[in-house]
Amino acid sequence: MLNVESLTKTFQLALHRNITVTALGNVSFSVEQGTCLNISGPSGGGKSSLLKCIYRSYRPTTGRIWYQSREYGRIDLAGLSEREILRLRRQEVRMVSQFLHVIPRVPAIDVVAEPLLLLGESSSEARAQASEWLERLGIPSHLWDAYPQTFSGGEKQRINLARALITSPRLLLLDEPTSALDARSAGVVMEILSDLKDRGTTMLSIFHDNRLATQLKDSQLNLTRPEKREEMKPI
Amino acid sequence: MLRVENLGKRYGAGCSRCERDGAADRRCPYCGSVWGCRGIDLEVFNGEILGIVGESGSGKSSLLRCLYFDEMPTQGSARLYPYQQGTRNIFEASSQDRRAIRNRFMGMVYQNPLMGLRMAFSSSGNVAEKLIAANWFHVGSIQKRATNLLDVMEIPLARIHEAPKTFSGGMQQRVQIARALANHPPLLLLDEITSGLDLSVQARVLDLIRKIQREWQIGMIVVSHDLGVIRLLTDRTVVMRDGHIIEQGLTDQILQDPQHAFTQMLVHSLL
């Protein structure tokens with residue numbers, strides 16, 4: 001399903017004497033369909049960078065990311081055109097981060113329904129599905145018409161999850177999706193995620209909490225800090 | 001849907017030297033003419049929002065004005081798919097065709113409502129004018145469409161016969177959007193539409209634009225110096241500086257993994 005071959009990512013900080021920072025050094029792994037790979041490592045070890053490279057928020061420096069897509073067949077995400085990436089993001093690859101960036105003063109239910117509208121779903125159907133997800137994730141119904149900016153951290157995180165899950169993605173990238181949730185809500189989320197996994201969604205996850213990671217993961221990738229993180233480049 | 005190639009706009013007559021030396025300098029030291037923008041290549045797809053960012057004077061508005069024929073470019077071509085299936089450069093079209101392209105296939109919202117609206121006409125008249133230009137003849141349907149659009153833009157129906165000069169800045173901007181959308185254009189050009197609006201109106205305008213894009217599936221170019229607006233609205237972004245495109249990519253790529261030194265500075269200055 002997903003096959004990453006010697007992926008590296010370096011950043012060039014032009015504002016800081018052109019220092020090169022290596023975030024990912026030569027990472028290779030593969031994930032089967034319907035399984036979950038958990039990524040662990042020290043902070044600054046490149047866990048988020050890896051997910052962002054796969055989602056193409058970062059441009060990978062070298063390496064290949066082979067992905068078996070429904071739309072285009074087997075493709076290299078590292079070399080895909082922007083248009084195709086946008087299409088994949090709408091249809092099958094979703095990322096859940098810790099942060100929620102949405103247009104201010106849009107009700108939570110519409111925020112969640114938006115990805116379905118972009119896929120051409122009717123607005124009543126999208127809203128119906130959105131309310132189903134909000135209910136499953138335990139957002140009280142009197143908050144559905146409120147603006148997510150006013151929500152607590154945990155509620156925002158669940159809105160973020162709902163937005164990603166509503167399109168039933170084939171590949172789900174989870175960057176600490178439960179960091180702000182209490183134990184009970186985290187349990188609900190984990191149940192939903194393992195249900196999705198059983199139905200064939202492939203996942204890459206980062207969890208701070210080892211117990212949660214164990215519940216979901218089928219395999220494990222340990223990232224260590226790349227050696228030679230910083231080097232000065234002669235100007 | 002729109003493909004722009006090597007577009008350039010020079011202000012001033014130009015001379016043999018700046019023709020010959022090409023892109024060496026933005027301002028020609030011999031004749032004093034200045035390139036507003038130069039060597040612009042970009043594409044806009046159906047139903048996609050493209051953002052253009054850059055500091056003031058980087059050529060963003062020059063580019064947009066060329067695309068809307070407010071100015072004729074010095075060089076380059078642009079192909080718009082609805083016009084002859086994109087086989088002809090729209091800058092080479094006759095003036096009659098250019099007017100038709102502008103009226104049928106494009107809508108423009110200026111930063112300054114004074115440029116986009118006739119301040120002394122009624123608001124519905126402003127929308128109707130664009131409809132008449134796009135060959136609508138039936139008065140009843142023109143009225144209906146104008147009222148409907150202004151209603152969507154949340155202009156109180158009791159006030160649609162008033163002139164925009166009596167409106168607040170935010171309302172004027174919304175009348176402008178209604179006017180730009182009147183003929184259901186496949187391409188919408190938006191120039192700094194949220195600057196000068198207070199935050200609450202800004203949020204409403206952003207939501208409206210997002211909704212229009214989603215429901216109508218039209219292509220848009222959004223010029224803004226506000227990276228927050230770019231992040232919320234656009235799918236892809238182009239960064240301009242000194243009249244050139246220095247970087248382009250997916251919007252989250254530009255914001256999270258900027259390559260060019262100027263883009264890095266811009267992103268790091270984000271509040």
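Heads up: the structure comes first, above all this text.
Residues numbered from 1 in each chain as written. Chains lettered and ligands numbered in written order. Predicted model: local features only at pLDDT ≥ 70, side-chain atom pairs only at ≥ 80, totals over all residues. Heavy atoms only, no water.

Draft legend 1. Molecular detail of the overall build of chain A. Secondary structure summary: chain A contains seven helices and 10 strands in total. Radius of gyration (C-alpha) of chain A: 18 Å, near the 18 Å computed for a compact globule of 235 residues. With the principal axes as the frame, chain A shows a C-alpha extent of 60 × 35 × 35 Å. Looking at chain A alone, contacts between residues at least 24 apart form 68% of all its contacts between residues at least 6 apart. Within chain A, the 26 negative side-chain charges are centred at a point lying 6 Å from the centre of the 30 positive side-chain charges. (Helix = DSSP H or I, 4+ residues; strand = E, 2+ residues; numbered from the N terminus. Rg over C-alpha atoms; globule rule 2.2 N^0.38 Å. Contact = heavy atoms within 4.5 Å. Lys, Arg positive; Asp, Glu negative; His and termini not counted. Charge placed at Lys NZ, Arg CZ, Asp CG, Glu CD.)

Draft legend 2. Region of interest: the environment of Ile85 of chain A. Locating Ile85 of chain A in the fold gives a position in helix H2 (residues 82-91). Considering only alpha carbons, one finds Ile85 of chain A and Arg56 of chain A, 29 residues apart in sequence, at a separation of 7.7 Å. Other than its neighbours up to four places away in sequence, Ile85 of chain A contacts Tyr55, Arg56, Leu77 and Leu80 of chain A together with Leu250 of chain B.

Draft legend 3. Region of interest: the packing of aromatic side chains. Taken as a whole and assessed by the stated rule, the structure comprises three aromatic pairs over all chains. Aromatic pair Tyr68 of chain B and Tyr110 of chain B: ring centres 6.4 Å apart, planes at 75 degrees, arrangement edge-to-face. You can see Tyr68 of chain B sitting in the loop between helix H2 (60-67) and strand E4 (75-80) and its partner Tyr110 of chain B sitting in the loop between strand E5 (106-109) and helix H4 (113-116), a full 42 residues away along the chain. Comparing Tyr68 of chain B with Tyr110 of chain B shows no difference in burial state: the two are buried. Geometrically, the ring pair formed by Phe69 of chain B and Phe91 of chain B is edge-to-face, given 6.0 Å between the ring centres and 85 degrees between the ring planes. Of this pair, Phe69 of chain B sits in the loop between H2 and E4 while Phe91 of chain B sits in the loop between E4 and helix H3 (95-105); the two residues are 22 residues apart in sequence, bridging distant segments of the chain. Take Phe69 of chain B and Phe91 of chain B: they sit in the same class, and that class is buried. The ring of Phe11 of chain A has Lys9 of chain A lying over it, and the distance from NZ or CZ to the ring centre is 4.8 Å. (Phe/Tyr/Trp six-rings, centres within 6.5 Å; stacked < 30°, edge-to-face > 60°. Buried < 20%, exposed > 50% of the residue type's maximum accessible area, 1.4 Å probe, protein only. Lys NZ or Arg CZ within 6 Å of the ring centre and 35° of its normal.)

Draft legend 4. Local environment of the interface of chain B and chain A. Each side of the interface is counted separately: chain B has 30 residues, and chain A has 27 residues. Applying the counting criterion to the chain B and chain A interface returns six salt bridges. With a closest N to O distance of 3.0 Å, Glu114 of chain A and Arg210 of chain B form a salt bridge. Counting across the interface, chain B meets chain A through 10 residue pairs in polar contact (both at pLDDT 80 or more). Contributing elements (two or more residues each) for the side of chain B that touches chain A: helix H8 (199-216), helix H9 (227-233), strand E9 (244-250), helix H10 (251-256) and helix H11 (261-268) of chain B. A per-class count over the side of chain B that touches chain A returns nine nonpolar, 10 polar and 11 charged. (Salt bridge = Lys/Arg side-chain N within 4 Å of Asp/Glu carboxyl O. Polar contact = N/O pair within 3.5 Å; in protein donor to acceptor, adjacent residues only side chain to side chain. Nonpolar A, V, L, I, M, F, W, Y, C, P; charged D, E, K, R; others polar.)

Draft legend 5. Fine view of the nonpolar core. All names here are of chain A. Formed by 80 residues in total, the largest nonpolar core has its most connected members in Leu172 and Leu193. At seven residues, the largest contribution of residues to this core is made by helix H3 (residues 108-118). Apart from residues lying up to four places away in sequence, Leu172 is in contact with Arg94, Val96, Ala164, Leu165, Leu193, Leu196, Thr201, Thr202, Met203 and Leu204. (Core = buried A, V, L, I, M, F, W, Y, C linked by side-chain atoms within 4.5 Å.)

Draft legend 6. Focus on the sheet that holds E4 of chain B. All names here are of chain B. Spatially, three strands are ordered E2-E1-E4 in an open sheet, and the strand pairing comes out antiparallel. Single-partner strands in this sheet number two, and they are strand E2 (34-44) and E4. Shown here is a sheet whose adjacent strand axes are inclined to one another by a mean of 20 degrees, direction ignored. In terms of strand pairing, strand E1 (residues 2-11) meets E2 through seven bridges, oriented antiparallel. (Pairing = 2+ DSSP bridges. Axes fitted to C-alpha atoms, helices over the stretch in contact; angles between N-to-C directions.)

Draft legend 7. How the structure looks around empty space enclosed by the protein. Residue and element names in this part refer to chain A. Across all of its chains, the model carries one cavity of 30 Å³ or more by this definition. Considering the residues around the largest cavity, the lining is formed by Ile54, Tyr55, Leu77, Ile85, Leu88, Arg89 and Val93. Those elements that provide at least two residues to the lining of the largest cavity are helix H1 (47-55) and H2. Per element, the largest residue contribution to the lining of the largest cavity is three residues, and it comes from H2. (1 Å grid on protein atoms, 1.4 Å probe; cavity = no way out; pocket = protein on both sides within 12 Å on 5 of 7 lines; lining within 4 Å. Points joined across faces, edges and corners; volume = space filled by probe spheres on them.)

Draft legend 8. A look at the layout of surface pockets. Residue and element names in this part refer to chain B. Reported here for the second largest pocket is a volume of approximately 550 Å³. If you trace the second largest pocket, you find 24 residues lining it, with Asp226, Gly228, Val229, Arg231 and Leu232 closest to the centre. When contributions to the lining of the second largest pocket are tallied by element, the ones reaching two or more residues are H8 and H9. Of the residues belonging to the lining of the second largest pocket, the class tally is 13 nonpolar, seven polar and four charged.

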